Structures are given as structure tokens and as C-alpha cells.
Amino acid sequence: MDGDNQSENSQFLLLGISESPEQQQILFWMFLSMYLVTVLGNVLIILAISSDSHLHTPMYFFLANLSFTDLFFVTNTIPKMLVNFQSQNKAISYAGCLTQLYFLVSLVTLDNLILAVMAYDRYVAICCPLHYVTAMSPGLCVLLLSLCWGLSVLYGLLLTLLMTRVTFCGPQEIHYLFCDTYILLRLACSNTHIIHTVLIATGCFIFLTPLGFMTTSYVRIVRTILQMPSASKNTNLLYLCLPLHTYSMKDSVATVMYAVVTPMMNPFIYSLRNKDMHGALGRVLRRPFQRPK
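Just so you know, these numbers come straight off a predicted model, no measurement behind them.

> Any details on the packing of aromatic side chains? Residues and values, ideally.
Across all of its chains, the model carries 10 aromatic pairs by this definition. Where F68 meets W149, the ring centres are 6.4 Å apart and the plane angle is 45 degrees; that geometry is what we call tilted. With F68 in helix α3 (residues 58-86) and W149 in helix α6 (residues 138-163), this pair connects stretches of sequence that are 81 residues apart. Each residue in the set F68, F72, Y102, F103 and W149 is aromatic and connected to the rest through ring pairs, giving one cluster.

> Could you give an account of the state of the cysteines, with specific residues and numbers?
Note on terminology: disulfide describes a covalent bond linking the sulfur atoms of two cysteines. Summed over all chains, the structure comprises one disulfide. Covalently, C97 is tied to C179 through a disulfide, its sulfur atoms 2.0 Å apart. Between C97 and C179, the S-S dihedral sits near -125 degrees, and the bridge is therefore left-handed. With C97 in helix α4 (residues 94-127) and C179 in the loop between β3 (173-174) and α7 (181-185), this pair connects stretches of sequence that are 82 residues apart. You can call C179 buried: its relative accessible area is 1%.

So, how was this worked out
- Residues numbered from 1 in each chain as written.
- Predicted model: local features only at pLDDT ≥ 70, side-chain atom pairs only at ≥ 80, totals over all residues.
- Heavy atoms only, no water.
- Phe/Tyr/Trp six-rings, centres within 6.5 Å; stacked < 30°, edge-to-face > 60°.
- Helix = DSSP H or I, 4+ residues; strand = E, 2+ residues; numbered from the N terminus.
- Disulfide = S-S within 2.5 Å.
- Buried < 20%, exposed > 50% of the residue type's maximum accessible area, 1.4 Å probe, protein only.

In C-alpha cells, the structure reads:
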């Protein structure tokens, strides 16, 4: 494929991870059920937080944005997977593939950054409770979220623009479920040294920095809790149900697990043993069955 014409004439074939019709049917129903659970769980969390004024706090503000990110994340990949499982035509256009790649990279980055901000929020709430209201003001929360979105958009745009400089040749067959950076680079016949270097350098900063920040925050939280009287520990331990997520773009299995399982599990993890969330979810679910006064 010539670089000037590939955006107009090329397409990729997403062949999936199995060519067996029986296995494809199993994968179809498995991914469909996981997608529906993910959508339902995250939509309920967004509705519960937006409709309950008691949940209009920094913690739930970031949680609602995490749910929105997860919802957008799975919608970027799973619907196309489901179509491919049921269709003989598994083609995706060059532009469509890069678009999917852009949102995949941007949303994975955003997910990690929001988790880091949530860890900081819990650190301030538990370790510096007297300064929490001023330290996590609405203006600062909006600023932190804006920075997360800005960095995510720029990082996704950077990698996508670099991918447009890559020339592909030979059969454009992707033995995978969606367009992923390293999967696409295996099909390249041009020099990919620059993009590999950028991937390693920016990947270490974008993903390892939030991971280190989260680890540091939770270590300090645990240290603070251990120094508290036992009556206070029981309350604050409820906030330690926040998972530390890592993302490895070299590991295909880990990528699929991150793209599907993590967004599905987050609603259950963050509402676990959370009385405020249980109450808000209950009111949202009961609302359609209540008679108007």
C-alpha cells in the first residue's frame, strides 16, 4: 500500500481470535452479555450520582466521569466485535481503524488518570480531613478533570498521527478483535523505530506515573488508618475498595481483559458496601414504579 493512497483505498480484516463458528457464537453471547452488564451498571451509577444531591461530592464526581469513560470505552470496541462475530464481512476501513485506535488510546489514558485523581481525593479525605473542603474545591475538581481529558486527547492524537505515517503492505489481516497499536505495527512495512520509541517513552510516563501516584497515595492512606483508633479504622477502610489498574499494550490477552472486564467490574467494585450509592441506586430503580402524587 502506498502511503498517499492507503487512507482512501485500504481496509483491514478483523479476523478475531477464533475461526470456529461454534466458538464465535460462544464469544458473541459472552461479549454481548458483558457489554449489556457494563452499560447497565455504568448508566445506573451516572443516573444515581446525577439525581442525588447528597452524592454531589468530589469522590462521586470523579466516579461518574469514570463510569462515563468506561461506557464510552466498551462502546468503542464491543459493538464492532459483535457485528464481526455474526457477519462474513469482517472489514474495517483504514479511517475506521485509526478512529477506533484513537478512542482506545485516549480512553485508556483517561481511565488511568481519573483513577490517579480519585486516589488523590481519597488521600486528602483520609489523611487531611480538616483541609478536604478547601483542598478539593469544585474549581480544582473541574481543573483536574480537564487536565485528565486534555492529556488523554493529546496522547491519543499523537499516537494516531504517528500511525498515519506508517505504511502497510501485504494482507491486511488482523487476528484480533479490534485495532490495537502493536497489532497494527506488526503489519507495517515501513520503518517504525520512531513510533516504537515514542510509545515506550510516553507509555512509561502516561501509565507508570499514575500507577506510582496511586500506590503512594494508598500506602499513605493505609499508614494513616493504622495510626487511627480502631473505631475510626472500620469506617475509613471502606474507601480502600479502589482498584489499581495497569495496562500492557504488548499483552493481547491483558488488552482484551482491560477493554471488556474492567469497565464491567468497576460499577460493582465502587458500589460495594457503599450505603450512599446503594440508597441512590435504590431510588433510581424505584422511580419508574412510583405513582405520581
